[in-house]
Amino acid sequence: MKDTDRYRRFGGLAVALLFGTFFSLFTVVPGSFGETAKPALSNQERLHLGEQMYREGLLPSGEPMRAYVKGDLPVPGTAFTCVSCHLRSGLGSVEGGVFTPPTNGDKLFQPFQLLFKGLEQKYFPLPPRRPAYNDETLAEVIRSGATPTGKALNDVMPRYLLDDGDMALLIYYLKELSAHYSPGVTTTALHFATVITDEVSPEDRNAMLAPLELYISIKNNQAKAYKTQGNRSRQMAENMLVSKELATRNLTLSRWVLKGPPDTWRKQLEDYNRKEPVFALLGGISYGDWKPIHDFSEQNHIPCLFPMTNLPVISETDWYTLYPSKGYYQEGETAARYLHAGGALPKGASVVQIVRDSPEGRALAAGFRQTWLDSGHPAPKTVTLKAGQAINGNVLRQAVTKKKPRVIMVWDGGEAVPALQAFAASGSRPALLFVSARYLGKNLWTLPDQIRPFTYITYPYTFSLNVTYSSMGSATLQDDQQKTLSQANILIKNKAQEMASLGDTLTQILTMALMDLKGNYYRDNLLDVIGMIADQPSSVFGRLSFGPGQRYASKGCNIVKLTKGLTPELVKQSDWVIH
Amino acid sequence: MPRPTLISSFALSVLLLILTLQPAVAETKYQRTIENYTIPDVVLVNQSGAKVRFRELMQSNKPVIVDFIFGTCTTICPILSVSFANLQQKLGPDSRKVQLVSISIDPEHDSPKVMKEYLKRYRAKPGWDFLTGSRADIDKVMYAFNAYIPNKMSHFPLTLIRLNKEGNKWVRIFGLMGSSEFMDECRKVGIQ
């Protein structure tokens, strides 16, 4: 495609007038009379091709875009995509002192304002002011870096070598990118919801919601107070906030309770969303698999922040759900990382996973298996314990006798603990036994004394008794340096406390993100700004870290052993395992 | 925990306003200094999952160039990495002649898998290693090169070119270089 939209439209009209209906069929490519006509692209196709250029750096031909940075560094567009600096929403970023201005539809085609008292000033370092772009000046700045004011953009902005047709596609995409506020945003409110499945206990539900609802009520009371005529605090707020309208905007939080079996959840979610569209989902709890809710978010492009689930969807590319961690999968992953890094395992030594056929067991086994394979090891052997099949010494001994493994994973719940005694006898003793602290629950503390010396426990929580909370800004986080932990000293005692703590962290993140949106209420921008948030302390996981496109905030897990006796301690076997 | 409210955001905004009074256009010229560093004896992990004795790598017989990046970084790291890729391109089949080392400042996320994919994106050839490690070890490396940042999001562009085999004398380049500037710096230490 070689011509701009305008030319195509008017050219087409002229040809149609001149040559009548028959030739009008060929007007999609003006001036193509006598040439082979190309079919017109639908708007959706143009958007798709523009998006491919913006996000992946690929031309419609499939070839990488070509560009130069720093004056003379030739780069393929795939290494230097638009999205890598301007981010998915197009609202830009500030990193390492380099300011990347917004390139979304709403901002490009109006003057870039930097009024100090007129409240528009939102950026640091200060970008230059400029008039509104049009198609021609925008094409020019993308190609040469020359702005309409005659200035040159910072030379970290690549200069892209695009022909007219490809440029038109990119500009078409930019015009549509973050051009209209997302659903769930009104002039007076931002609407949110939290998804809770009906098996969740009132304790857990209230624990998660308490910090969020408290924050929202404080915020709304403040907004209400600001609405009174001539309120001076509001004037101050509006002058200070990077998004003036946030001062008087209300937040709402609906409870979307899902009833019945998981295969009916999708319809319930779609119904809720149709009745009251939301900007994003906050928190949420399910004891089961989060996948139906994940898929709903992903396909409707609705961010879901910090759902409290240990059974998240594991994906490297999905965008819309930000999980506190990978849950059980992460523990399996950790067992594989620890075993691989330890190097204690003789080459080719056999590993057997004894796996309860439950969502928890499957997630643990999947995390181990995938990471083990990625590290270059042969697939572990798997013995599946059907739901309801009691685990006993015979089952375990059989697995050991038949497969003669050096390493055994028992991915089962607390009821497996008495049976583990079978490994105490020297004949059936593996070199290493792995179990999951989260899956064993409180039974962890009752592991048979004899097996404790060779039992390695995946423990996903922090040992640190002094988690420092930052307020608003970034803070240097203390690492989890404590080596041992007794049951009495565990910071989070039960599931409800875990929910409360994660709910608190979510509230903290939300507060920062709402301001970082700078009045740009686009769902992708919400995830973009969270990707730029500094690491946060957590009394559950120690450190939560974010980053562009990162979707699991806690990245590691501990490997611990239990000391002998009635009042045992957990003893760390290494640093926080991340690789 | 002090609960964040909009009120507390005012303080931040005031600070922002004060900051914005300074000239704030991104510095385009880089600063070049000669520094003395002591390389820590830590074991890091490379993109293949192999353990690497960091001090040995830094004292390699080949010229060594170091930068600090992370896998999901937006603006700075792609530029630093394009410079590395470009140097390797110019070295052609001799890419192993120079030891390029990128050190992760996001060890939590940068697993060997993430690092391998990152290098692939920049068409890295043998001779360019991306290292991660425990946070404590990565902190030691950052401190050793006077490059410590408490948080990856507040990082800055830094390139370090080794001047002697012992690894205690380095050219420190703060800022982003163009390709010819980077090549000039390489030539100054004998990399052709």
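**Q** What should I look at first to understand the overall build of chain A in this one?
**A** Counting its secondary structure elements, chain A contains 16 helices and 20 strands. Long-range contacts, defined as pairs at least 24 residues apart, comprise 65% of the intrachain contacts of chain A with a sequence gap of at least 6. For chain A, the accessible area works out to roughly 24,300 Å², and carbon and sulfur atoms hold 54% of it.

**Q** Could you clarify how one ought to interpret the side chain of Thr72(B) in this entry?
**A** Examined against the element boundaries, Thr72(B) turns out to sit in the loop between β4 (64–69) and α3 (76–91). Given the relative accessible area of 16%, Thr72(B) is considered buried. Among residues more than four places away in sequence, those in contact with Thr72(B) are Gly547(A), Pro548(A), Gln550(A), Asp106(B) and His109(B).

**Q** Hey, could you run me through the confidence of the model for chain B in this one?
**A** Residues and elements named next belong to chain B. Mean pLDDT over chain B stands at 85; residues scoring 70 or higher make up 85%. The low-confidence segment residues 1–28, where pLDDT is below 50, has 51 contacts with residues more than four positions distant or belonging to other chains. The ipTM value of the predicted complex is 0.84, and its pTM value is 0.88.

**Q** Explanation requested: the sheet that holds strand β14 (residues 432–436) of chain A in the structure shown.
**A** Across a sheet, strands are paired by hydrogen bonds formed along the backbone, either parallel or antiparallel in direction. Residue and element names in this part refer to chain A. With mixed pairing, the 8 strands of this open sheet are ordered in space as β12-β11-β13-β14-β15-β19-β20-β16. Pairing within the sheet leaves two strands with one partner each, and these edge strands are β12 (381–385) and β16 (484–486). Within the sheet, the average angular offset between the axes of one strand and its neighbour, ignoring direction, is 25°. Where strand β11 (residues 351–356) lies against strand β13 (residues 407–411), 5 bridges are found, and the strand directions are parallel. Of the residues in β13, the one forming a bridge with Gln353 is Met409. On top of the sheet, helix α11 (residues 328–342) reaches β13, β14, β15 (455–459) and β19 (558–562); it is set at about 160° to β14, its chief contact. Here helix α12 (residues 359–374) sits on the sheet and contacts β11, β13 and β14; the angle it forms with β11, its principal contact strand, is near 155°.

**Q** Looking at this structure, I do not really get the pattern of salt bridges. What am I missing?
**A** Any two side chains of opposite charge can pair, on the condition that their charged atoms come close. Taken as a whole and assessed by the stated rule, the structure comprises 28 salt bridges over all chains. Residue Arg543(A) pairs with Asp535(A) through a salt bridge whose shortest N-O separation is 2.6 Å. Overall, the relative accessible area of 9% leaves Arg543(A) in the buried class. Here the residues in one salt-bridge network are Asp535(A), Arg543(A), Asp106(B), Glu108(B), Arg135(B) and Lys152(B), joined through shared partners.

**Q** Explanation requested: the packing of aromatic side chains in the structure shown.
**A** Each pair of aromatic rings is reported with the distance of its centres and the angle of its planes. The full count for this structure, using the stated rule, is 25 aromatic pairs over all chains. Where Phe84(B) meets Trp128(B), the ring centres are 5.4 Å apart and the plane angle is 75°; that geometry is what we call edge-to-face. Placement of the pair is Phe84(B) in helix α3 and Trp128(B) in strand β6 (residues 128–131), with a sequence separation of 44 residues. In this structure Phe84(B) comes out as buried when scored by relative accessible area, which is 1%. Residues Phe145(B) and Trp170(B) carry aromatic rings whose centres are separated by 5.1 Å and whose planes lie at 85° to one another, so their mutual orientation is edge-to-face. Here Trp170(B) lies in strand β8 (residues 169–174) and Phe145(B) lies in the loop between α5 (135–144) and β7 (158–162), a separation of 25 residues in the sequence. Put simply, the rings of Tyr181(A), Phe192(A), Phe279(A), Tyr521(A) and Tyr522(A) touch in pairs and so form one group of aromatic residues. One residue, Arg46(A), lies across the ring of Tyr172(A), its end atom 4.0 Å from the ring centre.

**Q** Where do I start with the state of the cysteines in this structure?
**A** Every disulfide links exactly two cysteines, by a covalent bond between their sulfur atoms. Residues and elements named next belong to chain B. Enumeration over the complete set of coordinates arrives at 1 disulfide over all chains. Paired by a disulfide, Cys73 and Cys77 hold their sulfur atoms 2.3 Å apart. The disulfide joining Cys73 to Cys77 has a torsion of about 90° about its S-S bond and is therefore right-handed. The exposure classification of Cys73 matches that of Cys77, with both residues buried.

Analysis parameters
- Residues numbered from 1 in each chain as written.
- Chains lettered and ligands numbered in written order.
- Predicted model: local features only at pLDDT ≥ 70, side-chain atom pairs only at ≥ 80, totals over all residues.
- Heavy atoms only, no water.
- Helix = DSSP H or I, 4+ residues; strand = E, 2+ residues; numbered from the N terminus.
- Contact = heavy atoms within 4.5 Å.
- Areas by Shrake-Rupley, 256 points an atom, 1.4 Å probe, with all protein chains shown as cover.
- Buried < 20%, exposed > 50% of the residue type's maximum accessible area, 1.4 Å probe, protein only.
- pLDDT = per-residue confidence, 0-100.
- Pairing = 2+ DSSP bridges.
- Axes fitted to C-alpha atoms, helices over the stretch in contact; angles between N-to-C directions.
- Salt bridge = Lys/Arg side-chain N within 4 Å of Asp/Glu carboxyl O.
- Phe/Tyr/Trp six-rings, centres within 6.5 Å; stacked < 30°, edge-to-face > 60°.
- Lys NZ or Arg CZ within 6 Å of the ring centre and 35° of its normal.
- Disulfide = S-S within 2.5 Å.

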